[in-house]
Amino acid sequence: MNNQPKKLILEELDTYEWQMWVPDFGQVGQEKLKNSSVMVSRCGGLGSVVAYELAAAGIGRLVLAHAGNVKHSDLNRQLLMTYDWLGKPRIESAKRRLLELNPRLEITTINENITPENAPKLVAEADLIVDCAPLFEERFAMNAEAVAQRKPIVECAMYDLEATITSITPGQTPCLACLIPEPPPAWKRQFPVFGAVSGTVGCMGAMEAIKIIAGFGKPLLGKMVCIDLRDMTFDTLDLARNPNCAVCGGF
Amino acid sequence: MKIHVTYTGQLKAITKTAAETIHLPDGENTVNSLLFQIAEHYGELAHMMLVGPNQKTHRALIRFVNNTQITPGANPKLGDGDSVTLIPPISGGVNPKGNWNQILTMEC
């Protein structure tokens, strides 16, 4: 088995020329992306954009989990879904659109949402997780498994014109359960959303993943950015680990 | 005692304000006593967001005092002029039945 890092081919050197001009990233960062894998939990309003930006940036492999078929109500924000794919599996639409952009991309898909049963295998297949799931049950399952496997997580969430984003290094920064030890009350299935809001956070989540993988910039480790696009406020808050956290408190 | 409170997410929608100054009675006040006062002032929805059925404040509320996060369950004392930021966790939905078979294929 050949474990040597893959080098960039000529086509990739052309494709990524402009981003390799980014200070501290360069060709070394690009090769790290090519040799890395990211698991995106749900390819909805957030995850579609995360996956698309990572595909555009030249990530080597994506692991995607998303159940269900494309509906009209997906099309205001789930940018990997298309009108001509209505009624057909979302995960197939996502894969098709990503390969149109980047045919070199390796993609592993599962037509399911995250559960405690499928999380271990999916997390094991990736170097980093971007959690874009709408349900706290899925987020908690993903967090527990990623912490157990010591995989970094980028947590993105949005509501209305607001969003939050933080990055987690298990054992070093607060994990999701440190912040939210139990499901919050009063949440509803329906929620107000513009694609431009989920897309904003999706782009930020993709950038966090790129920074963590390539090892440059300052990821939001132990910090949470709270965004309100209604008045364009961006606040960065310091987070604290919970020493009694049921998920990561033991290490 | 004056406390500067900032709301986000659903709390901002319920209180219809992003920030306000709340007057607490003189004497010893804590984050929990502030949350109970907010819940009482803004009624049923705020109460549901902040206080659980056991009449304790919800642990699933990210709280900051003077821009420093306090861990879930902690209840520090407040001083005059302190600022408190309350962030209800946001996400895209909830599974009302908590059934993993339903979540596995849920089309939301």
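Keep in mind the model is a prediction, meaning the values are calculated, not measured.

Details of the environment of I22 of chain B
Residue and element names in this part refer to chain B. Following the sequence through the fold, I22 ends up in strand β2 (residues 19-23). Separated by 19 residues in sequence, I22 and I3 have C-alpha atoms that sit 5.2 Å apart. Those residues in contact with I22 that lie beyond four places of it in its chain are I3, V5, L34 and Q37.

Describing helix α8 (residues 195-214) of chain A
Residue and element names in this part refer to chain A. Between its terminal C-alpha atoms α8 stretches 28 Å, which fits the 28 Å expected from 20 residues at 1.5 Å a residue. Across the 20 residues that make up α8, a large majority, 16, are buried. Within two residues after α8, G215 carries a phi angle of roughly 75°, on the positive side.

Examining the nonpolar core
All names here are of chain A. If you look at the biggest cluster of nonpolar residues, it comprises 97 residues, and the most contacted ones within it are V38, V40, A51, L54, L62 and A209. Per element, the largest residue contribution to this core is 9 residues, and it comes from α8. Not counting residues within four places of it along the chain, the set of residues in contact with V40 comprises G47, V50, A51, L62, L64, V130 and C132.

Things to note about the packing of helix α3 (residues 45-57) of chain A against helix α4 (residues 90-101) of chain A
All names here are of chain A. Two numbers describe how α3 lies on α4: the axes approach to 9 Å, and their chain directions differ by 25°. The angle between α3 and α4 places the two elements in the roughly parallel class. When the axes of α3 and α4 are compared, the crossing they make is right-handed. When α3 is examined against α4, the residues S48, A51, Y52, A55 and A56 are found in contact with a partner set consisting of A94, L98 and L101.

Cut-offs used in this document
Residue positions within a chain follow its written sequence, with the count starting from 1. For this description, chains carry letters from A and ligands carry numbers from 1, given in the order in which they are written. For a predicted model such as this one, the threshold for reporting local features is a pLDDT of at least 70, and the threshold for listing and counting side-chain atom pairs is 80 or more; totals across whole chains, interfaces and linings nevertheless cover every residue. In this description a helix means any DSSP run of H or I spanning at least four residues, a strand means any run of E spanning at least two, and both kinds are numbered starting from the N terminus. Contacts here follow a simple rule: the backbone-placed C-beta atoms of the two residues must lie within 7 Å. Each residue after the first adds 1.5 Å to the expected span of a helix. To assign burial, the other C-beta atoms lying within 10 Å of each residue's own C-beta are counted, with C-beta atoms placed from the backbone; 20 or more indicates buried, 12 or fewer indicates exposed, and intermediate counts indicate partly exposed. To form a nonpolar core, buried Ala, Val, Leu, Ile, Met, Phe, Trp, Tyr and Cys residues must be joined through C-beta atoms within 7 Å. Axis definition: a line fitted to C-alpha atoms, limited for helices to the stretch in contact. Angles are taken between N-to-C directions and run from 0 to 180 degrees. Put simply, angles under 35 degrees are roughly parallel, angles over 145 are roughly antiparallel, angles from 65 to 115 are roughly perpendicular, and the rest are oblique. Crossings are classed by handedness, with left-handed meaning an anticlockwise turn of the near helix from the far one by less than a right angle and right-handed meaning a clockwise turn.

Read these as geometric descriptors, not functional statements.
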